[in-house]
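Each chain is listed here by its residues.
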Amino acid sequence: MKLGVVGLPNVGKSTLFNAITKAGAQAANYPFCTIEPNTGVVLVPDSRLDVLGEMYHPKKITPTTIEFVDIAGLVKGASHGEGLGNKFLSHIREVDAIVHVVRCFEDENIIHVDGSIDPARDIETINLELIFADMETVQRRKDKAVKNFRGGDKKAGAEVDMADRLYAHLEAGKPARTCPMTDDEREMVDGWFLLTTKPVIYAANIAEDDLGKDVAELPGLSRVQAIAEAEHAEVLVISAAIEEEIAQMEPEEKAEFIEELGIGQSGLDRLITACYRLLGLISFLTAGEDECRAWTIVNGTKAPQAAGKIHTDFEKGFIRAEIVPFDTLRELGSMAACKEKGLVRSEGKDYVMKDGDITLFRFNV
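Since the structure is predicted, the reported quantities are computational estimates derived from the model, not experimental observations. (Residues numbered from 1 in each chain as written. Predicted model: local features only at pLDDT ≥ 70, side-chain atom pairs only at ≥ 80, totals over all residues. Heavy atoms only, no water.)

Novice: When you look at the side chain of T286 in this model, what are you seeing that I'm missing?
Specialist: Tracing the backbone shows T286 in strand β8 (residues 281-286). Residue classification places T286 among the buried residues on the basis of a relative accessible area of 14%. A distance of 3.0 Å separates a polar atom in the side chain of T286 from a polar atom in the side chain of W295. The contacts of T286, once residues within four sequence positions are left out, are E291, C292, R293, W295, I310 and T359. (Helix = DSSP H or I, 4+ residues; strand = E, 2+ residues; numbered from the N terminus. Buried < 20%, exposed > 50% of the residue type's maximum accessible area, 1.4 Å probe, protein only. Polar contact = N/O pair within 3.5 Å; in protein donor to acceptor, adjacent residues only side chain to side chain. Contact = heavy atoms within 4.5 Å.)

Next comes the structure, spelled out in structure tokens:
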């Protein structure tokens, strides 16, 4: 999973990226500090692996990972090449989802590229640039489909109709992901690689002192939530400055600090949970003396395709999957006990994997 962290210059984008990846991206008080995207790979915390580690004492414990990409700050006119627009757009095409950092804090020492704090305006600035870029893409798709339709390709007619409808939707200032489509139409549009079809999480970057306040006390945050709701996006309330502090702490100190703040989890943990939910991802687990490991798959993946995540030979020669739910294994304490009670299931090629399935794939190549 690859997430692009975007936002206007000086909204706390690189500070947040540094905090969640400890990658040390430069964070300075001037636009275009980030020119080439910085990349950080983050381990996905999974307490189930800790339990499996205690059971199996494996040589290796391997969590799944998420790749974060800190993309250059955007300005108006990016879709026409202003600032670092062309680089921004090319980098954002490569990610699975967008983490859009929005500044909801006041600080006279940190300049804003537009001179004032207005989260709704900032969101519109970036969204419109993505929409303008998508309008160009849709127009090119339509022009090509029109030629093919004249050449006798009947399927191209449906593409022309979809392009017209989607262009009008974008022209109204709405992202492509909110355009009503059938499953077939969505499959068609997926092949156009539009920027505004990508799932979005708005990271509302608030001041340290605003943590724990009611939304009604933070008008900027209220506006971000209203926009996200209309766009079928999610909102993560976060303080990049606090996350930067948390990132420097030892595990015990970190847990104590998070408890004092009353935020339940670090921003990174909450961001990962939100991303999994947004992208419809789950994890299954494999366990043994050599390795205990988590594997990320899309919810709805069947057993052979899940096996293919481990090795293509597992999918090609799939025979069956031997599965026990994590909670059952934890309760009984060992795989032997689960087998003794007949709780290890044998599932075939039509089995749909569940989050937390402890799995052993049987295959023959």
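Further notes follow.
Novice: What exactly am I supposed to notice about the packing of aromatic side chains here?
Specialist: For any pair of aromatic rings, the description rests on two quantities: the centre-to-centre distance and the angle between the ring planes. What the rule picks out here adds up to four aromatic pairs. Through a chain of ring-to-ring contacts, the aromatic side chains of F284, W295, F318 and F361 assemble into a single cluster. Of note, R293 hangs over the ring of W295, and the distance from its end group to the ring centre comes to 4.0 Å. (Phe/Tyr/Trp six-rings, centres within 6.5 Å; stacked < 30°, edge-to-face > 60°. Lys NZ or Arg CZ within 6 Å of the ring centre and 35° of its normal.)

Novice: Which parts of the structure should I look at to understand helix α7 (residues 219-231)?
Specialist: Think of an α-helix as 3.6 residues a turn; residues three or four steps apart then line up on the same face. With 13 residues, α7 should reach 18 Å at 1.5 Å per residue; the first-to-last C-alpha distance of 19 Å fits that figure. The complete set of buried residues in α7 reads G220, L221, V224, A228 and E231. One side of α7 carries all its buried residues, which in axial view fall inside an arc of 95°. Set apart from the buried face of α7 by more than 90 degrees, the exposed residues are E229 and A230. H232 lies just past α7 and shows a positive phi near 60°. (Expected span 1.5 Å × (residues − 1). Arc of directions from axis to C-beta.)

Novice: It is not clear to me how unusual backbone geometry should be interpreted in this structure. Could you clarify?
Specialist: The general pattern is negative phi for most residues beyond glycine and trans for most peptide bonds. Positive phi values are uncommon outside glycine, yet N10 reaches one of about 65°. By secondary structure assignment, the location of N10 is in the loop between β1 (2-6) and α1 (13-21). Of note, F193 is a non-glycine position whose phi angle comes to about 55°, a positive value. Relative to the helices and strands, F193 resides in the loop between α6 (183-190) and β6 (200-205). Its relative accessible area of 59% is what places F193 among the exposed residues.

Novice: Which parts of the structure should I look at to understand the pairing of β6?
Specialist: Successive side chains on a regular strand alternate, one facing one side of the sheet and the next facing the other. Counting buried positions over the six residues of β6 gives six, a clear majority of the element. A two-sided burial pattern is seen for β6, the buried positions comprising V200, Y202 and A204 on one face and I201, A203 and N205 on the other. Pairing analysis gives six bridges linking strand β5 (residues 97-103) to β6, with the strands arranged parallel. Bridging from a neighbouring strand, V101 pairs with A203 of β6. (Pairing = 2+ DSSP bridges.)

Novice: In this structure, what is going on with the pattern of salt bridges? I would like to understand it.
Specialist: Where side chains of opposite charge bring their charged atoms close, a pairing between them can arise. What the rule picks out here adds up to 17 salt bridges. Notably, a salt bridge pairs R48 with D46, separated by 3.0 Å at the nearest N-O pair. The partner of K302 in a salt bridge is D350, and the shortest N-O contact between them spans 3.9 Å. Of the two residues, K302 is situated in the loop between β9 (291-298) and α11 (303-310) and D350 in the loop between β11 (345-347) and β12 (357-363); the sequence distance between them amounts to 48 residues. A residue is classified by how much of its surface remains accessible, and K302, at 34% relative accessible area, is partly exposed. Overlapping salt bridges bring together D46, R48 and D355 as one network. (Salt bridge = Lys/Arg side-chain N within 4 Å of Asp/Glu carboxyl O.)

Function-wise, these values are silent; they only describe arrangement.
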